[in-house]
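Chains, contacts and geometry: an overview
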Amino acid sequence: MFRLRLVSVSAHRVSKLGRVTCCWLHNMPIENVRNIGIVAHIDAGKTTTTERFLFASQHKTRMGEVDDGTTTTDYMDQERERGITIQSALTQVEWRGHEVRIIDTPGHVDFTMEVERSLRVLDGAVAIFDAVNGVEAQSRTVLMQAEKYELPFVTYINKMDRPQADFVKAIDSVERLIGLPVLPIQAPLFEQNRFVGFTDLLTLECFKWSDSGEITKTTLNEEHESVDNGRSSLKPDALRLRARLLDSLGGVSDKVFTEYIKALEDDDEAGLTVSMEMVNREIARASKSRLATVALCGSSGKNIAVPPVLDAAIDYLPSPRERPALVAHTPAGKVITTEFLEKDPLAVMVFKVIVQGQDVTTVARATLVRVYSGVLKAGTRIYNSTRDRMQSVRSISKVDGDNFSVEADVLGPGSVGCVHGLDSSFTGDTLCADRKGSFVLEGVTVPVPVVSASLEPYSEKEDRILEKALEIVKLEDPSISWSVNEYGQTVLSGMGALHVEVTKTKLERGWNLQLEQGPVKVKHREFISTPCEVEHTFLTKPEDPSSGACTMQLSLTPAELDENEMVDFGTEPFVTVTMSLSDMVEDEDTKNKLRSKWLNPIKFGVHQGTGAGPLVREPVSAVTIDVTSFKVLPRANEDTVGNAADFTTKLLLQEGRAGSCLLEPCFLLEVIIFKNQDDPDHHKETLDNVVSDLLSSRRGVILSQREGEKTIKLNSIVPVQEMDTYASDLLSVSNGEATFLASFHGYRIVRDSSVLDSVRGMK
């Protein structure tokens, strides 16, 4: 039940500054705190909805618009130019005596890292769905990410002003594709076929927004029995949705089930005799426990019915204290838990780093953190348990998009804010009070890049600047990586073509570079499937045989990969380097001295040498390279040994060329086919078409097929290279009766010569 009733929106607005410095960060009771994310498919209205929250709470006096480039959370130039969210951004509002911290996240699959790190530190989410399209591919992806962290979410069906908007169809798609019962607590209200507000299904009150933004309230009564709202009859529709609410809630609440059965026995299908106070409590319990999701309707673009979504976030999403206890690991491997209390040990997670400056040695960092327990104070020293390093908290500030100007003294439990001075902390790091009693929280999962493109500066000077610039960009975005290929080109890798393009533009504008980008290619890898070894004496002067600086013997051992096995390499590097020195007769002390001095430059050289394999010049993966023998002259230095390891590794890979094969990245693809209830056999033809397309056109492998009452779910593995046009192709082969979800799954061995020729042709 909503608190926004007889009063205009402006009456609910609160002061923007003043008390914010203190209460926002520490003095606000933790029960009155909500940390939520705004998640959805691209163009569902996330940023516009966030702007309406800021305006309704009077955090802003004018509404920002995506098209005008005036929003708080889309502050990057590229975001405003492209009209999309590229990076997650934090802001906050005060609403009904609660502090609601909001992270607006991207909706494009290329920026999934931004969604992942945000969900890691949140307590709930508002999932926005287009009222015409319902659940779309990326909305399913982000909600699967939310499920990993057991985050409850409120469902907001946006864009109800669109001509084909269908609230019931949209919430049906949520139930069918997300797999949670949906509890509609509103019914859309139309006048002359125009969306104007909603009916509260708990109180049966109608709220109508005028063109000027004024809200009027009426009570649903007998006069509405036959009122035509432009699409259907008002009261019957509302009562049917109320019956659906009680029926769905009864499935997860014994109390509601019992009371609703009694009402049905008295022919009260709409549950008018059921206690709505009890129903509201059970809705909150089911939502916070992720047993169901509450559904609301509105139009953020028209600014209709948006404030009730904030009400729902407060009423139906958990405070930090209502979330499960925090799990951490001590250095000894012990698992511990901590509640969200001030008296508990300090537990802080770094989830985002924002750089301010262009010099990698002096760049200032704004480090965004979530405090789970304890109190983080400005002017103190804390311990980074991930990096084993003490650091200074120079200052603390609140975050409002790209504004960090409002300072504070502390961050209390449940707070999300910005810390300045943590120059050695990175995304996913854990911060504790000190070394004694330290622990490490579960970090942030960094996805593996799946595409790459070469970047060529126009001058040697720009080439040196590019390397430093990439280091800074990676501080902000850990999902990018880069290497230098055999032609001396810098190869940038990312999550997709748009990700690479955005990063290139950021490099050009931030460091005044001119970069020529090569074609975006799928990032394959190579695997040497047979053991091999080689010995080589490295000459510092190739024309002088007496100039040998070191001699090393390397052996390669491949991982045990099954032909049909999927391999997830996790994060780079993908080659293990060891220094057993097993073919040397020296004593162990001598070997340890060699390892201590030379292992790091050897590792560097080996990783350089495996950057381009013998097959198609892609990085070699899933092998162990061991230094079995090593002799070095006194005048040799680290650069010489690194170069020797690089050259010897290349010889080793050529030795194993006969056993080399290609590894291609693959998606785990789930296709959902909707059954036609009027024609039970119609879906069989659709299923045949989908399967045929996967097997014959995309080299897919079918893993499973599950048939339910309303859908058929088909799971398969499909190469990334074959997925470029799948969204439109699936629409065609299924006649619009199927949708899909794709997530990176790993790499598999491919021996198809046509695929190998295709990859070679892209070089």
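A quick note: this is a predicted structure, and the numbers were derived from the prediction, not measured. (Residues numbered from 1 in each chain as written. Predicted model: local features only at pLDDT ≥ 70, side-chain atom pairs only at ≥ 80, totals over all residues. Heavy atoms only, no water.)

Below, the discussion takes up the overall build of the chain. Summing up its helical and strand segments, the chain has 17 helices and 38 strands in all. For the chain, the C-alpha radius of gyration of 29 Å lies close to 27 Å, the compact-globule estimate for 763 residues. Overall, the C-alpha framework of the chain stretches about 105 × 65 × 50 Å when taken along its three principal axes. With 763 residues in all, the chain has 57% of them scored as buried. Taking as baseline every contact in the chain between residues at least 6 positions apart, the subset at least 24 positions apart corresponds to 73%. Approximately 32,200 Å² of the chain is accessible, and the part contributed by carbon and sulfur atoms is 48%. (Helix = DSSP H or I, 4+ residues; strand = E, 2+ residues; numbered from the N terminus. Rg over C-alpha atoms; globule rule 2.2 N^0.38 Å. Buried < 20%, exposed > 50% of the residue type's maximum accessible area, 1.4 Å probe, protein only. Contact = heavy atoms within 4.5 Å. Areas by Shrake-Rupley, 256 points an atom, 1.4 Å probe, with all protein chains shown as cover.)

Side-chain pairs of opposite charge can arise whenever the charged atoms involved come near each other. Per the stated rule, a full pass over the model turns up 38 salt bridges. Glu 205 is paired through a salt bridge with Lys 217; the nearest N and O atoms lie 3.3 Å apart. Pair noted here: Glu 205 is in strand S9 (residues 205-209) and Lys 217 is in strand S10 (residues 215-219), with a separation of 12 residues, a long-range link. Among the residues examined, Glu 205 registers a relative accessible area of 15% and is labelled buried. You can call Lys 217 partly exposed: its relative accessible area is 30%. Here Lys 650 ties to Asp 646 by a salt bridge, and the two come within 2.4 Å at their closest N and O atoms. Of this pair, Lys 650 and Asp 646 are both found in helix H14 (residues 638-655), 4 residues apart, which corresponds to roughly one turn of the helix. Assessed through its relative accessible area of 37%, Lys 650 is described here as partly exposed. By relative accessible area, Asp 646 is classed as buried at 18%. Through salt bridges with shared partners, one network takes in Glu 664, Arg 699, Glu 722 and Arg 748. (Salt bridge = Lys/Arg side-chain N within 4 Å of Asp/Glu carboxyl O.)

It is worth spelling out the sheet that holds strand S11 (residues 293-297) at this point. If you trace the 7 strands from one edge of the open sheet to the other, you get S2-S3-S1-S4-S5-S11-S6, paired in mixed fashion. Unpaired on one side and paired on the other, strand S2 (89-95) and strand S6 (182-184) mark the two borders of the sheet. When the angles between neighbouring strand axes are averaged without regard to direction, this sheet yields 30°. Sheet topology places S2 next to strand S3 (residues 98-104); 7 bridges connect them, and they run antiparallel. Its bridge partner lying in S3, Leu 90 is registered against Ile 103. Strands strand S1 (33-40), strand S4 (124-130) and strand S5 (153-158) of the sheet are contacted by helix H5 (residues 137-148), whose axis makes an angle of about 145° with S1. (Pairing = 2+ DSSP bridges. Axes fitted to C-alpha atoms, helices over the stretch in contact; angles between N-to-C directions.)

This brings us to a nonpolar patch on the surface. On the surface, Phe 257, Ile 261 and Leu 264 cluster together to form a nonpolar patch covering roughly 250 Å² of accessible area. Secondary-structure assignment places Phe 257 in helix H8 (residues 254-265). Take Phe 257: its relative accessible area is 47%, and that puts it in the partly exposed class. (Patch = residues over 30% accessible without salt bridge, like charges linked within 9 Å, V, L, I, M, F, W, Y side chains within 5 Å.)

Okay, the environment of His 329 next. Positionally, His 329 belongs in strand S12 (residues 326-329). For the pair His 329 and Phe 439, spaced 110 residues apart in sequence, the C-alpha separation works out to 5.3 Å. Residues within four places of His 329 in sequence aside, it is in contact with Lys 334, Val 335, Phe 439 and Val 440.

So, about the pairing of strand S8 (residues 194-200). Among the 7 residues that make up S8, 6 are buried, leaving the element largely enclosed by the rest of the structure. In this structure, strand S7 (residues 186-191) lies alongside S8, joined through 6 bridges in antiparallel fashion. Looking at S8, one finds that Pro 188 is bridged to Phe 198. Remark: 2 residues form the turn of the hairpin made by S7 and S8, two consecutive strands paired antiparallel; Gln 192 in that turn has positive phi of roughly 55°. Sheet topology note: the S8/S9 ladder contains 4 bridges and is antiparallel. Across the sheet, the residue bridging to Asp 200 is Glu 205, located in S9.

Moving on: the environment of Leu 662. Here Leu 662 lies in strand S35 (residues 660-674). You can call Leu 662 buried: its relative accessible area is 2%. Not counting residues within four places of it along the chain, the set of residues in contact with Leu 662 comprises His 524, Arg 525, Leu 615, Val 616, Arg 748, Ile 749, Val 750, Val 755, Leu 756 and Val 759.

Turning our attention to unusual backbone geometry. One non-glycine residue, Lys 159, lies in positive phi territory at about 65°. The residue Lys 159 is located in the loop between S5 and helix H6 (167-178) in this model. One non-glycine residue, Leu 581, adopts positive backbone phi at about 55°. Structurally, Leu 581 can be placed in the loop between strand S33 (575-578) and helix H13 (588-609).

Attention now goes to the sheet that holds S8. Pairing is antiparallel in the open sheet, where 4 strands are placed in the order S7-S8-S9-S10. Looking at which strands have only one partner, the edges of the open sheet turn out to be S7 and S10. Shown here is a sheet whose adjacent strand axes are inclined to one another by a mean of 30°, direction ignored.

What follows is about the nonpolar core. Counting residues in each nonpolar core, the largest one holds 70 residues, and the members touching the most others are Leu 119, Leu 143, Ile 157, Met 160, Phe 167 and Tyr 372. Looking at which element gives the most residues to this core, the answer is H6, with 5 residues. Contact partners of Met 160, with chain neighbours within four places excluded, come to Ala 131, Ala 165, Phe 167, Pro 188, Phe 190, Phe 195, Cys 297, Gly 298 and Ser 299. Among the nonpolar cores identified, the runner-up in size contains 43 residues, and Ile 38, Val 154, Met 278 and Ala 284 belong to it. (Core = buried A, V, L, I, M, F, W, Y, C linked by side-chain atoms within 4.5 Å.)

What follows deals with a negative patch on the surface. A contiguous patch of negative charge, built from Glu 533, Glu 535, Asp 583 and Glu 655, is present on the exposed surface. Along the chain, the position of Asp 583 falls in the loop between S33 and H13. Classification of Asp 583 as partly exposed rests on a relative accessible area of 48%. (Lys, Arg positive; Asp, Glu negative; His and termini not counted. Charge placed at Lys NZ, Arg CZ, Asp CG, Glu CD.)

It is worth spelling out the packing of aromatic side chains at this point. Tallied over the full model, the rule gives 7 aromatic pairs. Between Phe 190 and Phe 195, the ring centres sit 5.8 Å apart and the planes meet at 65°, which makes this aromatic pair edge-to-face. With respect to burial, Phe 190 and Phe 195 carry one shared label: buried. Its guanidinium or amino end placed over the ring of Phe 674, Arg 176 lies 4.1 Å from that ring's centre, counting from NZ or CZ. (Phe/Tyr/Trp six-rings, centres within 6.5 Å; stacked < 30°, edge-to-face > 60°. Lys NZ or Arg CZ within 6 Å of the ring centre and 35° of its normal.)

Coordinates in, geometry out; function isn't part of it.
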